Amino acid sequence: MKKFVFASAAIGVAASFFAATFSVAQDNPAEQSAPLKPAAEFQSITDAKQRSWALFEEAGKVIQHPRCVNCHPATERPLQTMAMHPHQPPVSRGEGGMGMPGMTCNTCHGAANVSVVGQAETLKSIPGNPAWHLAPIEMAWEGKSLAEICRQIKDPERNGGKTLAEITEHMTHDSLVGWGWQPGAGREPVPGSQAVFGELIAAWVESGAACQ
Amino acid sequence: MVTFTLNGKERSFDGDPDTPLLWVIRDFEKLTGTKYGCGVAQCGACTVHLDGMTRRSCITPISTVDGSEVITIEGIDGPEAKAVQAAWVAIDVPQCGYCQSGQIMSAVALLQVTPKPNDADIDGAMAGNLCRCATYHRIRQAIHNAADAMEG
């Protein structure tokens, strides 16, 4: 972490001025992502429907991770941290999930994660991605069971009109999905890798896309 | 070397590319109207306009500003800015004033996209700008007054 000299007296004023206003502590993150079983490990399950659901359950370790659900909220407000508390500052979905006019997501979230250098004791980085936005409300995952999310992902009315092949492509290669494995300093990544996750989704689709 | 325009003038910076835009504005360009509040994009005191959109300059690496247009409180202009300035003065919005340049940058950005905002619009745009003097009611009133003034 590079150090910067901030010559202005404002820093002292500001430190006392704003210090008690909010808490911005991040996760106590695991530095390494948790393991994710590869699709090949499920071949021993002979019943196709059981194998299919077992594959989705494994993918669910990613899908239901707070890193993913935080931006699939059931309300107008995104969530933050492993504790999934409401986003601070208090922001709203806005048009296209891009935030409110005058304070869109890119007021703070740029094209890449940014290490914080102005005050790095409790907040290590600001997350970013070129496509940073909330999932549409019909794709809300917050508070839902994995089986409910599974049916939702398959439903073109609630998945952006995608076929299962397009879902597989999205899960395997989408950059914002991939951010979950590269969430920046101070954030726990989702389990495994996007490649393994994509293979699980592909195998789930190939085995009939069972939802329980 | 990073090149950008600051309040309409072409500027360049060849220091550490991770240097936050706020540091460049205040310490190198000596424009101290933009304030350091929290350093983590939580208070809004450092708000500037980057290519016409609000941006927290404390968490904006200067390397990401290359080729962009930056406007600070010293350079903001146009009918929305003039209306906001007049409205702020008319009802004495600031108390200590520390957060006010950020408040004004957000207010002007809101009026540029939503000329006649309702209370919910104002809350949506201003929720990220904290004021420890709690001048929120005057800020909201001044934005309404500025919108009315622009409407004529």
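Remember, it's a predicted structure, so these values are computed and weren't measured experimentally.

One recurring pattern in soluble globular proteins: nonpolar side chains tend to sit buried together. Ile59(B), Val70(B), Val84(B), Ala107(B), Val108(B), Ile143(B) and Ala146(B) are the most contacted members of the largest nonpolar core, which has 60 residues in total. Contributions of two or more residues to this core are made by strand 1 (2–6), helix 1 (21–28), strand 3 (47–50), strand 5 (69–71), helix 2 (79–90), helix 3 (100–113), helix 4 (119–126) and helix 5 (136–151) of chain B. Looking at which element gives the most residues to this core, the answer is helix 3 of chain B, with seven residues. Residue contributions to this core reach at least three from each of two domains, namely domain 1 (2–71) and domain 2 (79–151) of chain B. Not counting the four nearest positions on each side in its chain, Ala146(B) is found in contact with Ala83(B), Val84(B), Ala87(B) and Leu111(B). Listed in part, the 24 residues of the second largest apolar core include Phe56(A), Val69(A), Cys150(A) and Leu200(A).

All names here are of chain B. Pairing geometry for strand 1 and strand 2 (residues 9–13), over five bridges, is antiparallel. Within strand 2, the position partnered with Leu6 by the bridge is Lys9. Between strand 1 and strand 2, which pair antiparallel one after the other, the connecting turn spans two residues, and Asn7 there sits at a positive phi close to 55°.

Here the focus is the domain arrangement of chain B. Residue and element names in this part refer to chain B. Splitting chain B by domain gives domain 1 (2–71) and domain 2 (79–151). Among the elements of the structure, strand 3 and strand 4 (53–56) are those that each provide at least two residues to the side of domain 1 that touches domain 2. At three residues, the largest contribution of residues to the side of domain 1 that touches domain 2 is made by strand 3. Residues belonging to the side of domain 1 that touches domain 2 are distributed by class as follows: five nonpolar, seven polar and one charged.

Moving on, we come to helix 1 of chain B. Residue and element names in this part refer to chain B. Among the eight residues that make up helix 1, six are buried, leaving the element largely enclosed by the rest of the structure. The inward-facing, buried residues of helix 1 contact strand 2 and strand 5. Within two residues after helix 1, Lys30 carries a phi angle of roughly 60°, on the positive side.

This part covers the packing of helix 3 of chain B against helix 4 of chain B. Residues and elements named next belong to chain B. The interhelical angle for the contact between helix 3 and helix 4, taken along N-to-C directions, is 130°, at an axis separation of 9 Å. As summarised for this structure, helix 3 and helix 4 are arranged oblique, according to the angle between their axes. You can see that helix 3 and helix 4 cross each other, and the crossing is right-handed. Seen from helix 3, the contacting residues are Ser106, Ala107 and Leu110; seen from helix 4, they are Asp121, Ile122, Ala125 and Met126. Counted by class, the contact of helix 3 with helix 4 contains five nonpolar, one polar and one charged residues.

This part takes up the interface of chain A and chain B. Contacts between chain A and chain B engage 34 residues on the former and 39 residues on the latter. When residues of the side of chain A that touches chain B are traced back to their parent elements, those giving at least two are helix 1 (10–18) and strand 4 (103–104) of chain A. Among the residues making up the side of chain A that touches chain B, the classes are represented as 22 nonpolar, 11 polar and one charged.

Across four bridges, strand 3 of chain B lies against strand 4 of chain B in antiparallel orientation. Within strand 4 of chain B, the position partnered with Val48(B) by the bridge is Arg55(B).

The next thing to look at is the packing of helix 2 of chain B against helix 3 of chain B. Residues and elements named next belong to chain B. Running from amino to carboxyl end, helix 2 crosses helix 3 at an angle of 130°, the nearest separation of the two axes being 9 Å. The angle between the axes of helix 2 and helix 3 places the two elements in the oblique class. You can see that helix 2 and helix 3 cross each other, and the crossing is right-handed. Residue-level inspection shows Glu80, Ala81, Val84 and Trp88 of helix 2 in contact with helix 3, the latter providing Ile104, Ala107, Val108, Leu111 and Gln112. Its residues placed into classes, the contact of helix 2 with helix 3 shows seven nonpolar, one polar and one charged.

Rules used throughout
Residues numbered from 1 in each chain as written. Chains lettered and ligands numbered in written order. Predicted model: local features only at pLDDT ≥ 70, side-chain atom pairs only at ≥ 80, totals over all residues. Core = buried A, V, L, I, M, F, W, Y, C linked by C-beta atoms within 7 Å. Buried ≥ 20, exposed ≤ 12 C-beta atoms within 10 Å, placed from the backbone. Helix = DSSP H or I, 4+ residues; strand = E, 2+ residues; numbered from the N terminus. Domains from an automatic or database assignment. Contact = placed C-beta atoms within 7 Å. Pairing = 2+ DSSP bridges. Nonpolar A, V, L, I, M, F, W, Y, C, P; charged D, E, K, R; others polar. Axes fitted to C-alpha atoms, helices over the stretch in contact; angles between N-to-C directions. Parallel < 35°, antiparallel > 145°, perpendicular 65-115°, else oblique. Left-handed = near helix turned anticlockwise from the far one by under 90°.

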